[in-house]
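In case you want the letters, here they are:
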Amino acid sequence: MKTMARVEHAEPAVPPTIPERERPGKAADPCVMVVFGGTGDLNKRKLIPALYNLATSNLLAPEFAVIGIGRTVMTTEEFRRKIDQDMRQFATVPVEPAGWQPLLSRIYYLVGDAQDKDTYVRLRELLEEVDKNHRTRGNYLYYLATAPEFFGEVVRQLGAARLAEERDGHWRRVIIEKPFGHDLDSARVLNREINRILKENQIYRIDHYLGKETVQNILVFRFSNGIFEPIWNRRYIDHVEITVAETVGVEGRGGYYEGSGALRDMVPNHIFQLISLTTMEPPISFDADAVRDEQAKILRAIQPMSPEDVLNRSVRGQYGEGVVEGQRVPGYRSEPHVAPDSATETFVALKLLIDNWRWADVPFYVRTGKRLPRRVSEVAIRFRRAPFVLFRKTPVERLTPNELVIRIQPDEGISLRFGAKIPGPLLRLGAVKMNFDYADYFGSTPSTGYERLLYDCMVGDATLFQRADMVEAGWSVVQPIIDVWRALPPRNFPNYAAGAWGPKDGRDLLEREGNHWRDIDS
Ligand code: BG6
């Protein structure tokens with residue numbers, strides 16, 4: 001039987017302590033943000049709405065401007081009209097002209113091919129003009145929202161046009177979107193390529209999961225509370241389950257997804273962020289390198305898989321047609337730009353182990369996929385059962401282990417399950433839950449998830465961005481899986497119906513060890 005014990009606010013809700021630099025009014029550095037891929041989806045859906053949210057929170061410098069670069073021929077006026085339209089659809093809050101118009105009037109457009117040298121000559125001219133008009137002090141933030149094959153090229157061209165040099169007190173920073181490489185070798189090559197032009201502290205490899213409040217809160221939860229850290233280890237934790245489930249299919253991105261698949265798309269980046277924040281040792285400070293040193297260490301401690309391990313500890317799946325949230329949907333192979341006999345996986349489940357003193361032998365079960373029954377991302381910590389001793393001569397048949405669930409999205413919060421006596425003359429136990437909901441406690445602050453990341457880059461704080469060694473450590477873990485999967489193409493695809501929790505093998509991965517995936521609906 002399940003009951004719910006809600007956490008009461010013993011006192012009126014205390015507003016969280018906001019770090020000095022995030023207090024409204026503490027604006028980021030003046031700068032021009034140059035978006036390569038200016039006419040693309042990311043700019044209209046996330047970046048511009050995020051800039052608007054920053055502007056209305058007074059976190060953007062008044063001396064700020066944006067230059068979008070794209071191949072589509074249009075004028076700045078036309079670009080502004082388009083962005084203005086897009087904002088009606090993608091803004092996360094109602095758009096107030098008083099906040100929007102000043103930002104819109106500082107957006108410019110440059111027609112150009114990212115591979116063409118001439119684009120950078122014209123960019124330089126436009127930057128000089130915009131910098132002078134908006135007094136942005138020569139600080140330039142380049143946002144690479146292009147197709148990944150252009151990342152190296154854009155950086156090389158910026159270098160050749162001397163647009164990446166930092167001198168006379170100004171800064172030049174580059175945000176690089178994912179995917180950063182498509183395997184270990186290509187990530188290494190890309191790192192080498194960009195490191196020829198940029199210093200590591202100019203490079204901001206973005207992972208939008210780190211922009212999520214709930215992901216950032218994992219560290220705060222672990223290290224600002226005295227009661228969890230002593231039990232956060234192999235002595236008390238039986239296993240950890242990480243689920244990142246999506247109901248959507250590939251949403252017209254079949255072209256990209258065919259070359260990527262669920263493993264590359266989600267694991268070395270988003271899922272490894274969740275793992276590293278959940279398992280890293282306490283850093284000595286919140287300084288970018290202190291935090292990232294610990295993250296890199298834990299990623300390097302993930303046990304490398306032999307080909308045999310890959311066969312035993314990894315599961316891949318591809319959805320066929322089915323029903324998701326009451327809608328009949330086609331199978332992956334019928335999606336646009338997907339081969340009719342595609343071998344690309346849309347689901348992956350793994351059992352990972354971490355070879356260090358804190359985590360030795362604790363399984364980390366991970367699953368992610370498209371067209372699953374629910375959209376949910378969470379980290380569930382399953383503790384060891386209490387000894388049964390006390391209950392031997394009672395009607396109690398078994399004890400439910402404690403479970404702490406960190407809900408990343410969409411229903412953000414944290415819950416702790418524990419056993420309680422069900423009222424009545426017989427000794428019976430029920431599992432009850434203490435539940436904390438972000439929205440109840442803090443209200444909801446609609447955001448795109450990019451606000452904090454853009455702001456951090458503008459103030460030069462790289463804590464929430466990936467360092468070269470972290471990216472390479474992540475790829476090193478998944479490379480053996482990529483290799484074995486490539487050598488042995490799947491023979492049973494599609495192997496799960498859209499709307500199911502992945503293929504049966506994904507359940508067997510846990511069940512043969514006496515575990516089972518947590519029932520997320522309970
Ligand atoms: C992206 C992946 O990085 O993350 C997508 O390329 C995925 O395939 C998306 O849908 C998930 O992000 P979120 O924030 O919706 O969990």
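Above this note sits the structure.
Every residue gets a number counted from 1 within its own chain, in the order that chain's sequence is written. Local features in this predicted model are restricted to residues of pLDDT 70 or higher, and side-chain atom pairs are both shown and tallied only at a pLDDT of 80 or more, whereas totals for entire chains, interfaces and linings draw on every residue. Hydrogens and water are ignored here; the side-chain numbers use all heavy atoms of the structure.

**Some thoughts on the packing of aromatic side chains**
Remark: the centre distance and the inter-plane angle together describe each pair of aromatic rings, the angle taken between the planes. Aromatic rings from Phe, Tyr and Trp, taking only the six-membered ring of Trp, are treated as a pair when their centres fall within 6.5 Å; an angle between ring planes under 30 degrees marks them as stacked, one over 60 as edge-to-face, and anything in between as tilted. Counting across every chain of the model gives 20 aromatic pairs. Each ring, one from F36 and one from Y120, has its centre 6.0 Å from the other, and the planes form 25°; the classification is stacked. Within this pair, whereas F36 is found in strand β2 (residues 31–36), its partner Y120 is found in helix α4 (residues 117–134), the two being separated by 84 residues in sequence. Each member of the pair, F36 as well as Y120, is classed as buried. The helix and strand labels rest on DSSP assignments: H or I over at least four residues marks a helix, E over at least two residues marks a strand, and numbering proceeds from the N terminus. Relative accessible area decides the class of each residue, using a 1.4 Å probe on protein chains only: under 20% of the type maximum gives buried, over 50% gives exposed, and in between gives partly exposed.

**With respect to the site of the ligand**
Close to the ligand lie K178, H208, Y209, K212, E246, R253, D265, H270, K370, R375 and Q409, which account for all nearby residues. Here a polar contact is recorded for every N or O atom pair within 3.5 Å, except that within protein the pair must consist of a potential hydrogen donor and a potential acceptor, and residues adjacent in sequence are included only if both atoms are side-chain atoms. Contact between the ligand and R253: an oxygen atom at 2.9 Å from a side-chain N or O atom of the residue. Surface burial for the ligand is 82%, taken as the share of its 400 Å² of free accessible area covered by protein chains. If a single non-hydrogen atom of a residue is within 4 Å of a molecule or strand, that residue counts as near it. Where accessible areas are quoted, they stem from the Shrake-Rupley method and a 1.4 Å probe; at the residue level, only the protein chains shown are allowed to cover.

**Looking at the side chain of N191**
Along the polypeptide, N191 turns up in helix α6 (residues 184–195). By relative accessible area, N191 is classed as buried at 2%. Aside from chain neighbours lying at most four places away, what touches N191 is F180, R205, A468 and E472. Whether two residues are in contact is decided by their heavy atoms, any of which lying within 4.5 Å being enough.

**Examining the pairing of strand β17 (residues 413–421)**
When DSSP finds two or more bridges between a pair of strands, those strands are recorded as paired. Where strand β16 (residues 403–409) lies against β17, five bridges are found, and the strand directions are antiparallel. By the bridge assignment for β17, E403 is matched with R417. Hairpin connection between β16 and β17: a loop of three residues separates the two successive antiparallel strands. Summarising the sheet, β17 and strand β18 (residues 429–437) pair through nine bridges and their orientation is antiparallel. Looking at the pairing, G413 lines up with D437 of β18.

**Let's talk about the layout of surface pockets**
Only protein atoms enter the calculation, which uses a 1 Å grid: trapped sets of points that fit a 1.4 Å probe without letting it out are cavities, open sets showing protein on both sides within 12 Å along at least five of seven lines are pockets, and any residue with an atom within 4 Å of a point is a lining residue. Grid points are joined across faces, edges and corners, and a volume is the space filled by probe spheres set on the points. As a volume, the second largest pocket reaches approximately 790 Å³. Surrounding the second largest pocket, 35 residues form its lining, R385, R398, L399, T400 and P401 being those nearest its centre. For the lining of the second largest pocket, the secondary-structure elements that each account for two or more residues are β8 (237–245), β15 (376–383), β17 and β18. The nonpolar class holds Ala, Val, Leu, Ile, Met, Phe, Trp, Tyr, Cys and Pro. Asp, Glu, Lys and Arg form the charged class, and all remaining residues, Gly among them, are polar. Per-class residue counts for the lining of the second largest pocket are 14 nonpolar, nine polar and twelve charged.

**Here we look at unusual backbone geometry**
With an omega of 0°, the peptide bond between K178 and P179 qualifies as cis. On the secondary structure map, P179 appears in the loop between β6 (172–176) and α6. A cis amide bond links Q409 to the next residue, P410, at an omega of 0°. Along the chain, the position of P410 falls in the loop between β16 and β17. Positioned with a positive phi, R135 is a non-glycine residue whose angle comes to about 50°. Along the chain, the position of R135 falls in the loop between α4 and β5 (140–144). Using a relative accessible area of 57% as the deciding quantity, one classes R135 as exposed. Notably, R162 is not glycine yet its phi reads approximately 55°, a positive angle. Note on placement: R162 falls in the loop between α5 (151–160) and β6.

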